[in-house]
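Commentary on secondary and tertiary structure
One-letter residues, chain by chain:
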Amino acid sequence: MMKAMLNLCVQADGGGGRQSGQAMLEYVMVFVALLGLVAVLSLFLYAVKIQSNRTMDLVASEYP
């Protein structure tokens, strides 16, 4: 039984063939996802900074 399962694993692999680029593709996909996440978070930070500046201007105004 165990020998048959090991034999299936070797056959499904294709004999050590064409899986050499899979890890690189996964790294590139994760890098792109992280780059997108950083871009979105930087936009949120920019929006919060702008809003805090507006709030400080309103608080500091001398309008009665």
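Description of the structure in this document.

Some remarks on the overall build of the protein chain
- In terms of helices and strands, the protein chain carries two helices and zero strands.
- Evaluated residue by residue, the protein chain yields a buried proportion of 0% over its 64 residues.
- When the accessible surface of the protein chain is totalled, it reaches about 6,400 Å², and 71% of it is carbon and sulfur.

Things to note about helix H2 (residues 22–60)
- Over its 39 residues, H2 extends 57 Å from the first C-alpha to the last, a length consistent with the 57 Å expected when each residue adds 1.5 Å.
- The buried count for H2 comes to zero of 39 residues, which makes it a mostly uncovered element.

Regarding a nonpolar patch on the surface
- A cluster of nonpolar side chains, contributed by Met-24, Tyr-27, Val-28, Phe-31, Val-32 and Leu-35, occupies part of the molecular surface with about 680 Å² of accessible area.
- Among the secondary structure elements, Tyr-27 is positioned in helix H2.
- Overall, the relative accessible area of 63% leaves Tyr-27 in the exposed class.

Rules behind the numbers
Residues numbered from 1 in each chain as written. Predicted model: local features only at pLDDT ≥ 70, side-chain atom pairs only at ≥ 80, totals over all residues. Heavy atoms only, no water. Helix = DSSP H or I, 4+ residues; strand = E, 2+ residues; numbered from the N terminus. Buried < 20%, exposed > 50% of the residue type's maximum accessible area, 1.4 Å probe, protein only. Areas by Shrake-Rupley, 256 points an atom, 1.4 Å probe, with all protein chains shown as cover. Expected span 1.5 Å × (residues − 1). Patch = residues over 30% accessible without salt bridge, like charges linked within 9 Å, V, L, I, M, F, W, Y side chains within 5 Å. Salt bridge = Lys/Arg side-chain N within 4 Å of Asp/Glu carboxyl O.

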